[in-house]
Amino acid sequence: MALLDVNNLSISFGGLRAVDDFNITIEKGELYGLIGPNGAGKTTVFNLLTGVYKPNEGIIRLDGEDITRKSTIEINHCGIARTFQNIRLFKQMPVIDNVKVGLAERYKYSTLEGILHLGKYKKVEKEMDEEAMRLLKVFDLDGERDTLAANLPYGKQRKLEIARAMATDPKLLLLDEPAAGMNPNETGELMDTIALVRKEFGMTILLIEHDMKLVSGICEKLTVLNFGRVLCQGETKEVLADPEVIKAYLGE
Amino acid sequence: MKIDKKTKSNLITYGIVVAAFILFTALASTGNLSSHMKGLLVPMTYYAVIAVALNLCVGILGELSIGHCGFMCIGAFTSAFFSKATAEILPSGIRFFLAFLIGIAFAALFGFLIGIPVLRLKGDYLAIVTLAFGEIIKNILNAFYIGLDKSGIHFSLKNAMELGLDESGEVIVNGAMGITGTPHDSTFTIGIVVLLISLFVVLNLINSRDGRAIMAIRDNYIAAESTGINVTGYKMMAFTISAAIAGAAGVLFSHNITTLTATSQYFGYNASIMILVYVVLGGIGNIRGSVIAACILYLLPELLRGFSNYRMLIYSIVLIVMMIVNWSPKIIEWRKRTLGKFDFRKNSGKEIA
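Residues numbered from 1 in each chain as written. Chains lettered and ligands numbered in written order. Predicted model: local features only at pLDDT ≥ 70, side-chain atom pairs only at ≥ 80, totals over all residues.

Here we look at the overall build of chain B
Then step 1. From N to C terminus, chain B includes 15 helices and five strands.
Then step 2. Within chain B, buried positions represent 47% of all 353 residues.
Then step 3. A fraction of 76% describes how many contacts in chain B between residues 6 or more apart in sequence connect residues 24 or more apart. (Helix = DSSP H or I, 4+ residues; strand = E, 2+ residues; numbered from the N terminus. Buried ≥ 20, exposed ≤ 12 C-beta atoms within 10 Å, placed from the backbone. Contact = placed C-beta atoms within 7 Å.)

And the structure:
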């Protein structure tokens, strides 16, 4: 059974059909790319998958479970985590606390224990600290644990966003233009990070990207969107060689 | 045991409060405080308490409320009603303790109820609705007549005669004249204890799982939602706790004055803004700063009475200086260089985060 199975997904904003009859099937462990020209509806697909928008038609299944009408929070608890095109960190909080917010659903104690610092508080906080540090180490952020997220350099902010998403222990990770605004060096580093996430956590990843070097370098499969419709779908090499895709990107 | 930075910073905050307590008590017992000054000590504590409450709402939750005096008002009236009704039945210690529980519970209840519609709003709209709430509470209480006799509690919105009390009866809440003769149970010591408890609750909350979720919502609620944080639930929690602490300040307030009336002077728009000034100048999100700013800014106009006409001039200059010292990036940088590890803001930046 596929990890993510999306059928006939459609949404309209007023008269505009932003996503029309969108289908995608992602198997466990795959690294899947979603590409397309600006305004093709890629981020809208992400917002549909994470419950920010509710689709007019279609079904989204995660691991066999219908998550189409669920709220963003519920969908996260079901196992989809995401990053954002314009980085959305908890900027006034230290790096480690950003990750600990992500861990909160798995490491619990009551509010009263939290206020009194009694009961499970000490034990759970310690476990959280250890788990957060382990994650930060994977992303090479352990040296900045007490830095405010806002003060991190750009590339590290991207990494921290991925680390925070991973802290919720997702089944599927959605990356919205992770390489946006990065120089070739940083992009190279990001590709290593994504490879590492797959290796360390066996993560299934769906990513939106414009950087063709990154897409052709790491994605196994691609879906190309154009004007809200699927233009082409399949193995990366074949898709990128498709004349329709080249036409959509470069014009005739 | 190793003490981490957050714990250390919290201990400094408690330490400052305790030191201030010792200082003022020593001054009072050696006769170095005028009776006018002594009268200012209890108000100073409840203004510090409500500043802490408002900072939880404004600085930690990130929602601008300018109706916090409304919660203080509810705490004040419910507890004063209880204390006056049971003045002859219960010993003062237990009575005051129960008065606290009642004041806090009612303020929290109203915080919860008001929070349901209010927290759907953002920014300016939230400020306007909370402002209206504060005014409504004040005006409604001005129209309440509640009396007590053998047959129970009587209630009217017209006047005291309408209550129809028998000869054993007593009017407790007398409309715009409010509640008179609430036992004077508030002392400086109790005020300081309440302040320490409020600080303990808020500072510990900030350093817990719930506090991080609340601050995550403040920093970016879209990201918080997609990280699985129950945004509405945590907003309600923070708002209710904040209202409850404001209620505790109200209990201190009502048990410190002879006649409790819902006037603008104490519970109106200006009073709410005054508390917001404490919070902003002490540093939004900086709990320790709120306490210090509340104490200084409350005492200052009173201490400047000798300057008569120049009083408000000096007060406004102090406000401007505090604003610059606390918020100007250049000054903050300079303070970091010169004061090094003794700098409050540097620590507090980590403390809030």
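What to know about the sheet that holds strand E10 (residues 229-235) of chain A
Residue and element names in this part refer to chain A.
Then step 1. On the basis of which strands lie adjacent, the open sheet formed by six strands has the order E6-E7-E8-E3-E9-E10 and mixed pairing. At either end of the open sheet lies a strand with only one pairing partner, and these are strand E6 (80-82) and E10. In this sheet, neighbouring strand axes are inclined to one another by 20° on average, regardless of whether the strands run parallel or antiparallel.
Then step 2. Contacting strand E3 (31-35), E6, strand E7 (172-176), strand E8 (204-208) and strand E9 (221-226), helix H1 (residues 42-49) runs over the sheet at an angle of about 145° to E7. (Pairing = 2+ DSSP bridges. Axes fitted to C-alpha atoms, helices over the stretch in contact; angles between N-to-C directions.)

Some remarks on the domain arrangement of chain A
All names here are of chain A.
Then step 1. Partitioning chain A into structural domains gives domain 1 (1-79 + 170-252) and domain 2 (92-168).
Then step 2. Distance between the C-alpha centres of domain 1 and domain 2: 27 Å.
Then step 3. Between domain 1 and domain 2, the residue contacts involve 15 residues of the former and 11 residues of the latter.
Then step 4. Listed by contribution, the elements that provide at least two residues to the side of domain 1 that touches domain 2 are helix H2 (72-78) and helix H7 (184-201).
Then step 5. Here the side of domain 1 that touches domain 2 gets eight residues from one element, more than from any other, and that element is H7.
Then step 6. Broken down by class, the residue content of the side of domain 1 that touches domain 2 amounts to eight nonpolar, four polar and three charged. (Domains from an automatic or database assignment. Nonpolar A, V, L, I, M, F, W, Y, C, P; charged D, E, K, R; others polar.)

Comments concerning unusual backbone geometry
Residues and elements named next belong to chain A.
Then step 1. Positive phi outside glycine occurs at asparagine 8, with the angle close to 50°.
Then step 2. If you trace the backbone, asparagine 8 turns up in strand E1 (residues 4-13).
Then step 3. The exposure class of asparagine 8 is exposed, given the 12 C-beta atoms found within 10 Å.
Then step 4. Phi at aspartate 63 is positive, roughly 55°, even though this residue is not glycine.
Then step 5. For aspartate 63, a count of 15 C-beta atoms within 10 Å translates into the label partly exposed.

What about the pairing of strand E2 (residues 16-26) of chain A?
All names here are of chain A.
Then step 1. Relative to E2, E1 runs antiparallel, the two being bridged by seven bridges. Across the sheet, residue serine 12 finds its bridge partner in E2, namely arginine 17.
Then step 2. With antiparallel pairing between neighbouring strands as the criterion, E1 and E2 make up a hairpin whose turn holds two residues, including glycine 14 at a positive phi of roughly 60°.

Let's talk about the nonpolar core
Then step 1. Val49, Ile50, Ala51, Val52 and Ala249 of chain B are the most contacted members of the largest nonpolar core, which has 173 residues in total.
Then step 2. Taken domain by domain, the makeup of this core includes at least three residues from each of domain 1 (1-79 + 170-252) and domain 2 (92-168) of chain A.
Then step 3. With residues near it in sequence (within four places) discarded, alanine 51 of chain B still touches Ile275, Tyr278, Val279, Gly282, Ser290, Val291, Ala293 and Ala294 of chain B. (Core = buried A, V, L, I, M, F, W, Y, C linked by C-beta atoms within 7 Å.)

Points about the sheet that holds E2 of chain A
Residues and elements named next belong to chain A.
Then step 1. Taken in spatial order, the four strands of this open sheet run E2-E1-E4-E5, and their pairing is antiparallel. The sheet is open, and its two edges are formed by E2 and strand E5 (65-66), each paired on a single side.
Then step 2. Lying over the sheet, H1 contacts E1, E2 and strand E4 (57-62), oriented at roughly 65° with respect to E2.

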